[in-house]
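Spelled out from the first residue to the last, the chains are:
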Amino acid sequence: MAKQISHRFFKECTSVHNAKLLHQQTLVRGTNKETAIDIISMYLSCDSPIYALTVLEHLNPSPSLVYWWNVLIKRDVHLGLFNDSLKLYSRMTALGWTADHYTYPFVLKACGEIPSLRRGSIVHAVVWSNGFESNVFVCNSLVAMYARCGALEDGRRMFDEMCQRGVTDKVSWNSIVAAYMQSGDLNEALMLFTRMTRSVKLLPDVVSLVNILPAFGSAGALEHGRQVHGLAVRSGLFDDVFVGNAILDMYAKCEKMDRANKVFELMEVKDVVTWNAMVTAYSQSGSFKEALLLFEKMKEKRIEMDVVTWSAVIAGYAQRGHGCEALDVFRQMQISGSVPNVVTLVSLLSGCATAGALLQGKETHCYSIKLILKREGVHHGEDKMVSNALIDMYAKCQDVSNARSIFDSVALTQRNVVTWTAMIGGYAQHGDANDSMKLFSEMMQGSNIPNAFTISCVLMACSRLSALRSGKEIHAYVLRNRYESSMLYVANCLIDMYSKCGDVDAARKVFDNMKQKNDVSWTSLMTGYGMHGRGEDALEFFDGMLKAGFVPDELTFVVVLYACSHSGMVDQAINYFNNMTKDFGVVPQVEHYACMVDVLGRAGRLNEAVELINRMPMEPSQIIWVALLSACRTHTNVELGEFASKKLSEMDSENDGSYTLLSNIYADAGCWNDVARTRSLMKKSGIRKRPGYSCVQGKKGNATFFVGDRSHPQSEQIYKVLADLILRIKELGYVPKTSYALHDVADEEKTNLLSEHSEKLALAYGILTTYPGAPIRIIKNLRICVDCHSAITFISKIVDHEIIVRDPSRFHHFKKGSCSCKGYW
């Protein structure tokens, strides 16, 4: 009776204090094996494993008592205390206890989770020496341990030995399939699953299907996925929510959202993972409207949303450039109490980047510092993901200095290709393109290999700088390193680079050598031809694009009309504009109207341009009035120029270019009081005219010149060459167009001012430093002036160079006294 009462007290004891008292009483009265077991169980119930271990250590080793060592080891494994569990195992064996077939699976799991291949291999040897080589539970644990330690070959060898001894079961096959899935070898995983079901004729269970369905989804193996779906239905496994979720996810990854939705509707039991899978799938497939509807339905049904749900919706908004909406969802997430993870923050920063929301990006940066960047125990990969996203956000929000600060804070050894690409792209798009090139050079000296995005960013920098030589070097690098998987993307960037660097024929060669082309390939080359005034070639390629089966969209027609505009092809432009809706279903947008205003304006048909503006079905935007104002400048129409300028003022346009155009119109007409008034208005409004500059390639890199620039070390020689050129072309008939000096001073002084324009200085430097016969390439930040255009046309008669000038509008190829623009510029 006393023994029964004592046993009941041990069982009902819930506090460590009382447990110690009971333990003391038993020590006084003496303990036996059964009492010791009760004490161990009592201490474990009170969550005091250290006292339980103390009692266990004083017992004589016995196979029946190994159970309690297993309980302690299992407890540490479940709590994630893997090193502690291995210490327990070592203590157990040191005291002379012999592990059983229940012990080894827990010990091997700990080795795999740490991971420690060395300790796992030692345990494997002990397993063999103790005669457990044919125990299926232990062997399955060995396969899983090797897989987790990244020793897949050892795991496969273990599995093959099990097959030879005939000790495999369904768990064995599931383990090896999961191992290959984790390693990314989908083909081997599929092969083993097929062998399991067909050769070995094992009926798969829930784990088998959940293991293999992601492989079908990732490989796009829809037919195999459908067969497994059928198997799940026939075997009754489809009703399991985990299987249903895996099937749904498989169809989504195979881009069969209609079938994924049917699975979703048929599932009687849905958990938050089910809803998340559908929301994420819709968001990633571009069906964001459906994703939002499901998101709202989850709210209605009061389904508790986790971080995956919130992140999917935030990412969906971010991918579409709706940064503010992404931030609103993020705030709702915070109110709900759900804690964001790295994916959430990276998606949010992406939304800020696409929307240009710098303030919100900075807020997210602060939050990231608190949540990720300064928190102990954060995985290094997560830290890097956030840093890369911050660099990208600041760069795309045009805060390149902050982007560079974060880039510099990442240790050189910790930068990956994404880190470099984000910063190189930031400089290429919104900063100094020269810095982009320098950074790319630094990257090439390290261990990181550029990917297709890196190449595209540095090609963009080459385009901005018109750095043809560097662009060719990168092209050679691409050919040597064979970017086969992304060659289409890279080739399109090369077409753009060659076009913008003034060598559209090289762009054509890239196009002709492409094994695969898309609509971007055709459009890029057409744009290049349009920039170089080769409208006929652009329209010929447009016809070729149609014959190749590509359907033109809004952008294609912008390119076509642009090409017509810069080649004086007015009738062709009118024909395309009038028929684009009827023939191709493309409704003219404001960009198309702007192109047509430009086409008519360049041709001097200003009244028709105004009539077209009046017929527009939408309100004219700034680009419309700027196009008209530019035409008024070309044809010196003061009245209409004032009208267009007034419209721009009503729109609160602070573009210095529009004021400059109006000032030029007044200057052409000799209205110097109006010129002074316009300049005064600019000053009062705080609008400063951008200083014009020209950049030219020389033997030792690029040189940049401003108007009247005398800072160059060879300045004296440059001005001497220029004076000689002006003297010689005057003999050929060149007459300085003094109205473009824009100063109400004597003609002689105006002539001197004209001779100091930046493009003339750049040309003189180019002639001074470039090998005879080599092209001279000049980039201007403002449109070339009429006098410089005339002067360079004459100069091209007396020098043995092709002179290529790129301004913001187009290219001018001067050669033997003529220009490729044919007066349409």
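Throughout, residues of each chain are indexed from 1 in the direction in which the sequence is written. Confidence filtering applies because this is a predicted model: local features only for residues at pLDDT of at least 70, side-chain atom pairs given and counted only at 80 or more, and all residues used for totals across whole chains, interfaces and linings. Side-chain metrics in this entry use all non-hydrogen atoms of the structure; hydrogen atoms and water are not considered.

- As annotated in an unreviewed UniProt entry, the protein chain is DYW domain-containing protein from Papaver nudicaule.

Examining the overall build of the protein chain
Then comes step 1: In this text, helices come from DSSP runs of H or I with a minimum length of four residues, and strands from runs of E with a minimum of two, each type numbered from the N-terminal end. Check the secondary structure of the protein chain and you find 44 helices and six strands.
Then comes step 2: Against the compact-globule benchmark of 28 Å for 825 residues, the protein chain has a radius of gyration of 37 Å, which places it well outside the compact range.
Then comes step 3: For each residue, the accessible area found with a 1.4 Å probe, counting protein chains only, is set against the maximum for its type, and the residue is called buried under 20%, exposed over 50%, and partly exposed in between. Burial status across the protein chain gives 50% buried among its 825 residues.
Then comes step 4: Any two residues whose heavy atoms approach within 4.5 Å are treated as being in contact. Taking as baseline every contact in the protein chain between residues at least 6 positions apart, the subset at least 24 positions apart corresponds to 61%.
Then comes step 5: Note on areas: these come from Shrake-Rupley sampling with a 1.4 Å probe, and a residue is covered only by the protein chains present in the view. Carbon and sulfur atoms provide 52% of the accessible area of the protein chain, an area that totals close to 40100 Å².
Then comes step 6: Averaging the locations of the 88 positively and 86 negatively charged side chains of the protein chain gives two centres separated by 3 Å. Values of the radius of gyration come from C-alpha atoms, whereas the globule rule sets the reference at 2.2 Å times the count of residues to the power 0.38. Residues counted as positive are Lys and Arg, residues counted as negative are Asp and Glu, and His and the chain ends are not counted. Where a charge lies is defined by one atom per residue type, namely NZ (Lys), CZ (Arg), CG (Asp) and CD (Glu).

Focus: the sheet that holds strand E2 (residues 701–706)
Then comes step 1: Two strands are said to pair when DSSP picks up at least two bridges between them. If you walk across this open sheet you meet the six strands as E2-E1-E3-E4-E5-E6, and the pairing is mixed. The open sheet has two edge strands with one neighbour each: E2 and strand E6 (818–819).
Then comes step 2: In this structure, strand E1 (residues 693–698) lies alongside strand E3 (residues 776–780), joined through three bridges in antiparallel fashion. Residue pairing across strands places serine 694 opposite lysine 780, the latter belonging to E3.

Concerning helix H18 (residues 288–300)
Then comes step 1: Expected helix span is given by 1.5 Å per residue-to-residue step, counting one fewer step than there are residues. In this model H18 runs 18 Å from its N-terminal to its C-terminal C-alpha over 13 residues, within 8% of the 18 Å that 1.5 Å per residue would give.
Then comes step 2: The first or second residue beyond H18 is arginine 302, which carries a positive phi of 55 degrees.

So, the pattern of salt bridges
Then comes step 1: Note on definitions: salt bridges are taken to be side-chain nitrogens of Lys or Arg within 4 Å of carboxyl oxygens of Asp or Glu. Taken as a whole, this structure holds 23 salt bridges when the rule is applied.
Then comes step 2: Note that arginine 534 is salt-bridged to aspartate 537, the shortest N-O span being 2.9 Å.
Then comes step 3: Several salt bridges share partner residues, and in doing so they unite Asp47, Arg75 and Asp76 into one network.

Some words on the confidence of the model for the protein chain
Low pLDDT marks regions whose predicted coordinates should not be analysed in detail.
Then comes step 1: pLDDT gives the predictor's per-residue confidence on a scale running from 0 to 100. Here the protein chain averages 87 in pLDDT, and 92% of its residues register 70 or above.
Then comes step 2: Taken together, the stretch residues 1–5 has pLDDT below 50 and engages in one contact with residues farther than four places along the chain or on a different chain.
Then comes step 3: For the stretch residues 742–751, pLDDT sits under 50, and the model shows 16 contacts to residues farther than four places along the chain or on other chains.

Some thoughts on the nonpolar core
Within soluble globular proteins, side chains that are nonpolar tend to cluster in buried spots.
Then comes step 1: Membership of the largest hydrophobic core comes to 217 residues, with the highest contact counts inside it found for Tyr104, Ile455 and Leu628.
Then comes step 2: Apart from residues lying up to four places away in sequence, tyrosine 104 is in contact with Tyr89, Ala99, Val123, Val126, Val127, Asn130, Phe132 and Val138.
Then comes step 3: To define a nonpolar core, start from buried Ala, Val, Leu, Ile, Met, Phe, Trp, Tyr and Cys residues and group those joined through side-chain atoms within 4.5 Å. Of all hydrophobic cores here, the second largest spans 31 residues; its members include Ile729, Ala764, Ile803 and Cys821.

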